[in-house]
Structure formats: C-alpha cells, structure tokens
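# Results of the structural survey
Chain by chain, the residues run as shown.
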Amino acid sequence: MVVSAIKGMSDIYSPEVEVWREIEEKARQLFLRFGFREIRTPVVEKAELFARSIGEDTDIVQKEMYTFPDRKGALLTLRPEATASIVRAIIQHRLHNIPTMGKFFTIGPMFRYERPQKGRYRQFHQIDAEVIGFEDPVVDAEAMYLAMLFLEETGLRNIELRINSLGCSLCRPPYKKRLVEYLKNYETSFCKDCARRLNSNPLRVFDCKVPGCREIVSGAPKVTDSLCEHCRQHFEKVCFYLDEVKCGYKHDRNLVRGLDYYNRTAFEIVAGGLGAQNAVGGGGRYDGLFAELGGPDIPAVGFAIGMERLMILLKAEVKKERVKRPDIYFIALNEEAREKFFGLAQNLRKRGLYVELGYELRSLKSQMRRANKFGSSHVIIVGESELEKKTAILRNMDTKEQSELPLDNNTEQVLIEKLSKENE
RNA sequence: GUGGGUGUAGCUCAACAGGUUAGAGCACUGGGUUGUGGCCCCAGAGGCUGUGGGUUCGAGUCCCAUCACUCACCCCA
C-alpha cells in the first residue's frame, strides 16, 4: 500500500509551481510599494486564539478546525486563517509601537477540516494583508483598492468587488434586536440552519441560499439602514475614496461575513468560474479584535486572497512555458570524458549559467534527444576522439553550428565569452 | 456531516449485451545513421482493470462493501 497525501491537501509542482512563484512574487513587489512588510507566523497556535478571535459560534470554530493536543496535552490548532496570528504577534512584540510598522502581509498555508470540492481544500494558501492603527475610511478604501489592483495585475478580469457595512459596537446590537424581532415572525418558515442561526448568529441568515429564507430576508431590515451616524459617514467616505481611484464596486446589502470580528466595512471579491466557491478574496475592518485578544484598543483592516482559487481562474496561464532552457547540456560518451568536464560544469553553474549534465553514458543519439527535450540552447560533446585532441565540440542547437574548443584551464572563460557574445 | 458522479498503462481515454492473450494515442527505451536532436519509420517495455467479498462455467463489465478522487449542499479563500 503506497502512502498518499492527506485528503484535501495537494502537492504543488511544475508547471503550476512556477505560476505560484510568479504570483507570490508579484504580490510581494506590489505590497512593498504600498508599504507592507512581510511577517511569518507559525502555522500552529493555541486553540483559544482562534476561538476568541473568529468567534465561538462560527462554523470555522465549531466544526472546521484542526485541533489536537500536543504531547503535554495543550490544545493546539492549525491556523484556519492568518489574521488572528498576525494580531497575536503584533501584540506580543508590541509592533504597534513602531510608527513605520503598520502594514503587514503574509503568504502561506491555512487549514480547515471541510469536505473538499472545487476551490475548497483542507490545506489552502492565502495572500493576506493587514493594516493596523488607523480608523480612517481612507484605509478601508486603500485596502480594497490594493486587493483589486493585485488581482488585476495577475491578469484576472471580470471580478466584482462587493462591499457592505456591518455597523459597530454601538449600532449593531440594537439593529440585531430589531432584526430578530422581524425574523421571529417567520420562525416556522425558515430552513433548519436559519432556525438555529436565529438565536446564535442572526446576521448570518443573510448568507442563506434557500429560496424561502431569501424571500423573508429580502424584507428584513438591513444593517446599512440601521447604521449610526458615525458608521454611515464612514461607509460614505469609503465609497468616496473608491470612486476617487475608479475602483468599481457594488453595494451588497446582504453581505455579511463568516468571521465574527468584522465591524463596519466588509467586502468580498467574487468571480465566475469558481463554481459554488465564488469568492477569490475577502476581508474587512476589525476594530475590536486587538482588545478582544488582550492587546491595546487599536483599529485595523485586512483581507485575504485565496491562491488556489486564483490559480483556477488563471488556469490558462499555466500552459505557457515558464521553465528556463539550459544554456549548456553536457554529453559525455564515456566515463573518462565525463571526468574531464564534471568540474567545468559545476564552475559554469557558479558563474550563473544553467547547466544540465547527461548522467547516463548512453548513445550520442539518445543523449542528443534528451538535450533537445530540455530545450537546451547549446550542447557540449566529448568522446574518444575529442579526448585524444584535448578538445570538446560545442553545438548551438538552434543554428546547428558546431565548433571545436580546446579543453584546458581556459575553457570556462572562453565558453562564457562565447555565449554572451551570441546573446548580443 | 448529507447527497450525486467517476475509478482500466506515467497521462488522456477505448473494450458490442458478461465471453479467447484488456487496446490506442501521447510519454518512455532501443534501433533505422560505427558519434549528432526535433519530423518520419520499426521494435520494445509498461496493467493484480482502486481494494475486498459475492453472483456466474466465465467478471474490466453485474451485485454488496470499502477506499480514493470529484462535484454539489453547508461554509468560506
């Protein structure tokens, strides 16, 4: 019986992995221009961190976390998202006291124990960004702008930004009360899940896709209409700044999010082609989280982008050839020939060339075929007659030109010069 | 956690209604050129048909179970 990977967790290899690297690199470059610094936190944390941040009554905490005791019985959790860990790290190292350190990003794996399907995996990767310390709506807008800009720069088209305001600790509780009052009138008509949500987390009925529930919800009071003056102005300002940079968005009054820590601004970036998992990214403001986790009371905004989902949307990109072609492919026709150029090959690599070696002493024809499969631009052949003359054959695979070069202490230099000359 | 679909060579897929030795393309190896790639030609290698039971004279094919993958519900990136 062969051992296979864990369900819902995949190996990432060529040619996809080259695209991953490109995208990650693009993210780093862009985020740096926006003043973000990278932060890398452990993938395991104490279980309570997530229960306290994401919310006891969310699906993530209730049934989707990888939680297990370590050897001494401490409950650990594989992080289901990045925000909680980053906030924890900021509080722990007092990073909020450093004026130039207000923006953080991280790229890495997250874990949720769910039934895998298209765009949803048990180990998945997020590009995550957090801006801390600012309450001003300009920050919300900039975060969304950055998320959209990044996705566009990867080549994505036809994505939609959906935004909403969830209110704050002042206006949400009274709103919640009104909502529950309204919903109670239809208590018997809800689906099983919504009936439960009614008591546990009433805002989430807005997420329900059951037609009956949707209908009831369409008549329900909306958060947006119940915002306090402060939140209303905040939301308007967010919209203003988005307009200012011509960042299109749709005000989705039914948008709520699955993590409890969000307040005011919440957003999602949706795309077709992902099946049921239509969000490539999402985020929002979480002003209360720092205090909730025992830190100073500082506001923050953040978002995450799903790598796997982005990859699905960018699938066509994978077909492009991204693997470099070798500058030189060495072919030895016998052991003695190989002994002669092994050192040379390593030195050329040190000097920056991509060099491949034929590791098997097979027929010239078969080694040539192999060199060709790699797309090598040059081949160096050494066999018996070359050994006698102390030379090597250099063949340009594109032009088929061949020349002899002396095999001595100077070969390395001669080769480098020759190749760089050709590239002019 | 619930439901549907699919499991045959490394990959993509065939195999009439249950019937001889499970095939093809691509990929792989060797040869066609004593030591020169791509195209072409020839040959070769590669399979416990996911696994375990059952029905049958006979199972890749039918039945049951199980596992894996996949899609959807739920939830979210």
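Residues numbered from 1 in each chain as written. Chains lettered and ligands numbered in written order. Predicted model: local features only at pLDDT ≥ 70, side-chain atom pairs only at ≥ 80, totals over all residues. Heavy atoms only, no water.

What follows is about the sheet that holds strand S2 (residues 44-46). Strand order in the open sheet formed by 3 strands is S2-S4-S3, with antiparallel pairing between adjacent strands. This sheet does not close on itself; its edge strands, each paired only once, are S2 and strand S3 (66-69). Put simply, the sheet's adjacent strands are angled 35 degrees from each other on average, direction ignored. The pairing of S2 with strand S4 (residues 75-78) spans 3 bridges and is classified as antiparallel. By the bridge assignment for S4, Glu45 is matched with Thr77. (Pairing = 2+ DSSP bridges. Helix = DSSP H or I, 4+ residues; strand = E, 2+ residues; numbered from the N terminus. Axes fitted to C-alpha atoms, helices over the stretch in contact; angles between N-to-C directions.)

The contact between helix H1 (residues 16-33) and helix H5 (residues 137-153) brings their axes to 10 Å, and the two run at 140 degrees. Considering how the two elements wind past one another, H1 and H5 form a crossing that is right-handed. Facing H1, whose interface residues are Ile23, Lys26, Ala27, Leu30, Phe31 and Arg33, H5 presents Leu146, Leu149, Phe150 and Glu153. When its residues are assigned to classes, the contact of H1 with H5 shows 7 nonpolar, no polar and 3 charged. (Left-handed = near helix turned anticlockwise from the far one by under 90°. Contact = heavy atoms within 4.5 Å. Nonpolar A, V, L, I, M, F, W, Y, C, P; charged D, E, K, R; others polar.)

Attention now moves to helix H12 (residues 335-350). It helps to recall that an α-helix has 3.6 residues per turn; residues three or four apart then point in one direction. Taking 1.5 Å as the rise per residue, H12 with 16 residues should run 22 Å; its terminal C-alpha atoms sit 23 Å apart, in good agreement. The largest bend along H12 reaches roughly 35 degrees and is located at Phe341. Taken together, the buried positions of H12 are occupied by Ala337, Phe341, Leu344, Ala345 and Leu348. Among the residues of H12, the N-terminal cap falls to Asn334, whose side-chain oxygen and the backbone nitrogen of Glu336 are separated by 3.2 Å. (Expected span 1.5 Å × (residues − 1). Bend = angle between axes of the 7 residues up to and from the residue. Buried < 20%, exposed > 50% of the residue type's maximum accessible area, 1.4 Å probe, protein only. Polar contact = N/O pair within 3.5 Å; in protein donor to acceptor, adjacent residues only side chain to side chain.)

As enumerated under the stated definition, the model contains 20 salt bridges in all. Of the charged contacts in the structure, one is a salt bridge between Arg285 and Asp140, with a shortest N-O distance of 2.6 Å. Note that Arg285 is positioned in strand S10 (residues 279-285) and Asp140 in helix H5, a separation of 145 residues in sequence. Exposure remark for Asp140: the relative accessible area of 0% places this residue in the buried category. Among the salt bridges present, the one from Arg253 reaches Asp225, with a minimum N-O distance of 2.7 Å. Here Arg253 is found in the loop between strand S8 (250-251) and strand S9 (263-271), whereas its partner Asp225 is found in the loop between helix H8 (211-218) and helix H9 (229-244), with 28 residues between them in sequence. The class of Asp225 is exposed, set by a relative accessible area of 52%. Beyond isolated ion pairs, a larger network of salt bridges with shared partners links Glu25, Arg28, Glu38 and Arg40. (Salt bridge = Lys/Arg side-chain N within 4 Å of Asp/Glu carboxyl O.)

Before going further, it helps to spend a moment on the layout of surface pockets. There is about 480 Å³ of room inside the second largest pocket. Cys168, Ser169, Arg172, Asn263 and Gly288 are, among the 20 residues lining the second largest pocket, the residues nearest its centre. Of all elements in the fold, only helix H2 (47-54), helix H6 (172-184), S9 and helix H10 (289-292) reach the threshold of two or more residues within the lining of the second largest pocket. Counting residues per element, the lining of the second largest pocket draws most heavily on H6, which supplies 3 residues. Residue composition of the lining of the second largest pocket, grouped by class: 7 nonpolar, 5 polar and 8 charged. (1 Å grid on protein atoms, 1.4 Å probe; cavity = no way out; pocket = protein on both sides within 12 Å on 5 of 7 lines; lining within 4 Å. Points joined across faces, edges and corners; volume = space filled by probe spheres on them.)

This paragraph deals with the environment of Val217. Position of Val217 relative to the elements: it lies in helix H8. C-alpha separation for the pair Val217 and Tyr241, spaced 24 residues apart in sequence, amounts to 30 Å. Residues contacting Val217, with those up to four places away along its chain left out, are Val205, Phe206, Lys222 and Asn254.

Here we come to a positive patch on the surface. A cluster of basic side chains, namely Lys365, Arg369, Arg370 and Lys373, defines a positive patch on the protein surface. Counting through the fold element by element, Lys365 comes out in helix H13 (residues 364-374). (Patch = residues over 30% accessible without salt bridge, like charges linked within 9 Å, V, L, I, M, F, W, Y side chains within 5 Å. Areas by Shrake-Rupley, 256 points an atom, 1.4 Å probe, with all protein chains shown as cover. Lys, Arg positive; Asp, Glu negative; His and termini not counted. Charge placed at Lys NZ, Arg CZ, Asp CG, Glu CD.)

Right, let's talk about the domain arrangement of chain A for a bit. Along its sequence, chain A is carved into domain 1 (16-171 + 227-319) and domain 2 (328-414). The C-alpha centroid of domain 2 is placed 51 Å from the C-alpha centroid of domain 1. (Domains from an automatic or database assignment.)

In the contact formed by H12 and helix H15 (residues 411-422), the axes pass within 10 Å of each other and the chain directions differ by 50 degrees. By the angle between their axes, H12 is oblique relative to H15. Here H12 runs over H15; the crossing is right-handed. The segment H12 lies against H15, with Leu344, Asn347 and Leu348 engaging Thr411, Glu412, Leu415 and Ile416. Partitioned by chemical class, the residues of the contact of H12 with H15 number 4 nonpolar, 2 polar and 1 charged. (Parallel < 35°, antiparallel > 145°, perpendicular 65-115°, else oblique.)

Let's shift gears to the sheet that holds strand S11 (residues 300-306). Backbone hydrogen bonds hold the strands of a sheet together, and the pairing may be parallel or antiparallel. As summarised here, the arrangement of the 8 strands in space is S1-S5-S6-S11-S10-S9-S7-S8, forming an open sheet in which the pairing is mixed. Two strands in the sheet have a free side with no partner beyond their single neighbour: strand S1 (37-38) and S8. Both S9 and S10 contribute to a ladder of 6 bridges, which runs antiparallel. Bridging from a neighbouring strand, Glu268 pairs with Gly282 of S10.

Here the focus is the nonpolar core. Formed by 48 residues in total, the largest nonpolar core has its most connected members in Phe104, Leu183, Phe206 and Phe290. The biggest single contributor to this core is helix H4 (residues 83-93), with 6 residues. Not counting chain neighbours up to four residues away, the residues in contact with Phe104 comprise Phe36, Arg37, Ile39, Ile86, Ile90, Leu95, Asp128, Ala129, Glu130 and Ile132. Ranked by size, the runner-up nonpolar core spans 44 residues in total, among them Leu30, Phe105, Ala143 and Ala147. (Core = buried A, V, L, I, M, F, W, Y, C linked by side-chain atoms within 4.5 Å.)

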